[in-house]
Amino acid sequence: MRKLYTFIMVCVFASFSNQQIQAQATPDGFGFYQAAQTQCLLPEERASIKTQLRQAIETLDLPEVNSLATTKFIWPVRAADDMTDPSFYGISNFVDHNANFSGVNNDNVKDYNCGTRSYDSGNGYNHPGTDIFLWPFPWHKVDNNSVEVIAAAAGTIIMKMNGSGHDNCGNCPNCPWNAVYLSHEDGSVTWYGHLKNNSLTTKAVGDQVAQGEYLGVVASSGNSTGPHLHFEVYADAGLQQLIDPYAGACNNMNGNTSWWETQKPYREPTLNKILMGTAPIMEAACPSMAVTNEATHFMPGDDYTLTLFFHDQMDLDNVGIKIIKPTGVVLSSWNSTLSNEINGSYWFWNRSIPNDAEDGAWKVEVTYHDQVEELIFMVGNVSSNAEIQVTAHCQMANPFGNFLDIRCEHSIAIEKVELYNVSGKILLQKNTLSGQANFTLNTTHLENGIYFLVMKDKNGRLLESRKLLKAAY
Ligand SMILES: [Zn+2]
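Bear in mind that the values here come from a model prediction, so they are computed numbers and not experimental data.

The next thing to look at is the overall build of the protein. Helices and strands together make up the secondary structure of the protein, namely three helices and 28 strands. Its C-alpha atoms give the protein a radius of gyration of 25 Å, near enough to 23 Å, the size a compact globule of 473 residues would have. Overall, the C-alpha framework of the protein stretches about 70 × 55 × 40 Å when taken along its three principal axes. Residues classed as buried in the protein amount to 38% of the 473 residues present. For the protein, long-range pairs separated by at least 24 residues make up 69% of all intrachain contacts whose partners lie at least 6 apart in sequence.

Here it is, written out as structure tokens:
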């Protein structure tokens, strides 16, 4: 209650100082990631893998004793190059440190932070890894190879398992997973499971990998309810001493020693994605892909749905939203308060583009905790004939050819230029112009057609946007 009260006071104050009322708006709907829990690996399979790994470590003559625990990990997943979303994952389960079991599933569960973000089974299984799930649109991400598994530390490949289907949705006891296993300099061993079939590194068993090197693609092979990475760590080549890389009060394996180079906080409230669409998303039964209803080009008067996706959203979190015209003027802005603490969530708002909306590159700007993110969307009539727009500050050929020469007044400090297609996808960008007035984009590889050029200042503010035609041959 106190937080809400404070927040209202701030709003009132802001409306006086900025002459612009920040309306409080309730979202029109929400949803969340449903993390069903299954044993990432059944006991017999884990035992068999351990036997094979011990053998491999011996055959390859790799370090067998861990007394140093010098290995430090980086985050074992990363976005592929063409992913532009601010984030792409959440954490559904940590290692379970409560060894008791009562015959009932999830009855005695304790993560490293003394919370319950883990699971066990009534027959004595305690989840031994960190589960990092894809969010949002996990199946799109699997299909597009959007999230890559990387080596948490430099090491040697000791085993690869490939050849299994990767679109599993639940209990699948006889389904092997696809996985890569590494041995590290200090004798510790890391497991990367549930990978996409045929996505594994082409390097062979016995080869070295650098920290951060590609190992595969996150998917849902094996006994898995949806796309996620299961990351499991052992201190020793004998695979006796399980490690939870997170240091914390209830970590009864390695206690206060974190194995992360930089340990992420227990909750890291993060805006994963901004989505503009013609309607709310439609979830689909696993493993079908959800319908995104994504759209990045609208006409004046069109209805739209703005959806924001989060991981680790906290109860009473505030999110601020601005809809900004091509000129940089704010058309509308509002704040919403989110409820509950959720591993992966989304909230949406239904709105309309004004009937008199001007053509060009519009922007949604979202402020959440310390994060400020934006998404460009196009408004206006996109025909095959580009309109020659008169510009206040810059000159350029329109239509343009294989090179786009841009000459601007020195008075406008351009820091960044971006070229979008009509679907709102960024095709080209230059980031450090430092106020340079003249520059050239190489557009040789672009097909003939309509594009939007967006110029921004060093604070990311939209200076000018132009609709252009490429007509080279
Ligand atoms: Zn797991």
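From this point, the narrative continues.
Pairing analysis gives seven bridges linking strand 17 (residues 318-324) to strand 18 (residues 330-337), with the strands arranged antiparallel. Residue pairing in the sheet places Val319 in a bridge with Ser336 of strand 18. With antiparallel pairing between neighbouring strands as the criterion, strand 17 and strand 18 make up a hairpin whose turn holds five residues, including Gly328 at a positive phi of roughly 95 degrees. Pairing geometry for strand 17 and strand 20 (residues 360-368), over six bridges, is antiparallel. Across the sheet, the residue bridging to Ile323 is Val364, located in strand 20.

By secondary structure assignment, the location of Ser336 is in strand 18. Spatially, the C-alpha atom of Ser336 lies 17 Å from that of Asn272, the residues being 64 residues apart in sequence. Excluding residues within four positions of it along the chain, Ser336 makes contact with Ala25, Thr26, Pro27, Val319 and Trp347.

The next thing to look at is the sheet that holds strand 2 (residues 29-32). Spatial strand order, 2-19-16-14: four strands in an open sheet with antiparallel pairing. Of all the strands in the sheet, just strand 2 and strand 14 (270-277) have a single pairing partner and so form its edges. Each strand axis lies, on average, 20 degrees off the axis of its neighbour in the sheet, ignoring direction. The sheet contact formed by strand 14 and strand 16 (residues 303-313) spans seven bridges and is antiparallel. Note on strand 16: the bridge partner recorded for Thr270 is His311.

In this section: the sheet that holds strand 15 (residues 297-298). What holds strands together in a sheet is hydrogen bonding between their backbones, with the strands either parallel or antiparallel. In spatial order, the strands read 1-18-17-20-21-15; together these six strands make up an open sheet with mixed pairing. With one partner strand each, in any of the chains shown, strand 1 (23-24) and strand 15 form the two edges of the open sheet. Across nine bridges, the pairing between strand 20 and strand 21 (residues 371-379) is antiparallel. Counterpart to Tyr368 in the pairing with strand 21 is Gln371.

Examined at the domain level, the protein breaks down into domain 1 (43-243), domain 2 (270-379) and domain 3 (394-470). One C-alpha centre belongs to domain 1, the other to domain 3, and the line joining them spans 43 Å.

Counting residues in each nonpolar core, the largest one holds 94 residues, and the members touching the most others are Val180, Tyr192, Leu195, Val218 and Val454. Dropping the residues within four chain positions of it, Val180 is found in contact with Ile157, Lys160, Tyr192, Leu195, Leu200, Thr201, Leu215 and Gly216.

Secondary-structure assignment places Val205 in the loop between strand 9 (189-193) and strand 10 (208-209). Apart from the residues lying within four places of it in its own chain, the contact partners of Val205 are Ala56, Ile157, Ile158, Met159 and Lys160.

What follows covers the environment of Phe137. Within the secondary structure layout, Phe137 lies in the loop between strand 5 (130-134) and helix 3 (138-143). Residue classification places Phe137 among the buried residues on the basis of 24 C-beta atoms within 10 Å. For Phe137 and Asn442, which are 305 residues apart along the polypeptide, the C-alpha to C-alpha distance reads 33 Å. The contacts of Phe137, once residues within four sequence positions are left out, are Ala290 and Thr292.

In terms of backbone geometry, most residues other than glycine have negative phi values and most peptide bonds are trans. The step from Trp135 to Pro136 runs through a cis peptide bond, and the omega angle for that step is -5 degrees. As for its position among the elements, Pro136 is in the loop between strand 5 and helix 3. Cis rather than trans, the peptide bond between Cys286 and Pro287 has omega equal to 5 degrees. Here Pro287 shows up in the loop between strand 14 and strand 15.

A word on helix 2 (residues 43-59). If you check helix 2, its first and last C-alpha atoms are 24 Å apart, about what 17 residues at 1.5 Å a residue would give, namely 24 Å. Along helix 2, the positions that sit buried rather than exposed are Ile49, Leu53 and Ile57. Buried positions in helix 2, seen along its axis, are confined to an arc of 70 degrees and lie on one side of it. Structural note: helix 2 exposes Glu44, Ala47, Thr51, Gln55, Glu58 and Thr59 on the side pointing more than 90 degrees away from its buried face. Looking one or two residues past helix 2, Asp61 carries a phi angle of roughly 60 degrees, positive in sign.

As a further point, take the pairing of strand 9. Judged by how many residues are buried, strand 9 sits mostly within the fold: five of five residues are covered. A two-sided burial pattern is seen for strand 9, the buried positions comprising Val189, Trp191 and Gly193 on one face and Thr190 and Tyr192 on the other. Pairing of strand 8 (residues 179-183) with strand 9, which is carried by five bridges, proceeds in the antiparallel orientation. In the sheet register, Val180 faces strand 9, and the bridge partner there is Tyr192. Where strand 9 lies against strand 12 (residues 228-234), five bridges are found, and the strand directions are antiparallel.

A few words on the confidence of the model for the protein. Averaged over all residues, the pLDDT of the protein equals 87, while 91% of them reach at least 70. Residue range residues 1-20 is modelled with pLDDT below 50. Its contacts to residues more than four positions away, or to other chains, number twelve contacts. This model gives residues 383-391 a pLDDT under 50, and the stretch forms twelve contacts once residues within four places in sequence are excluded.

Rules used throughout
- Residues numbered from 1 in each chain as written.
- Predicted model: local features only at pLDDT ≥ 70, side-chain atom pairs only at ≥ 80, totals over all residues.
- Helix = DSSP H or I, 4+ residues; strand = E, 2+ residues; numbered from the N terminus.
- Rg over C-alpha atoms; globule rule 2.2 N^0.38 Å.
- Buried ≥ 20, exposed ≤ 12 C-beta atoms within 10 Å, placed from the backbone.
- Contact = placed C-beta atoms within 7 Å.
- Pairing = 2+ DSSP bridges.
- Axes fitted to C-alpha atoms, helices over the stretch in contact; angles between N-to-C directions.
- Domains from an automatic or database assignment.
- Core = buried A, V, L, I, M, F, W, Y, C linked by C-beta atoms within 7 Å.
- Expected span 1.5 Å × (residues − 1).
- Arc of directions from axis to C-beta.
- pLDDT = per-residue confidence, 0-100.

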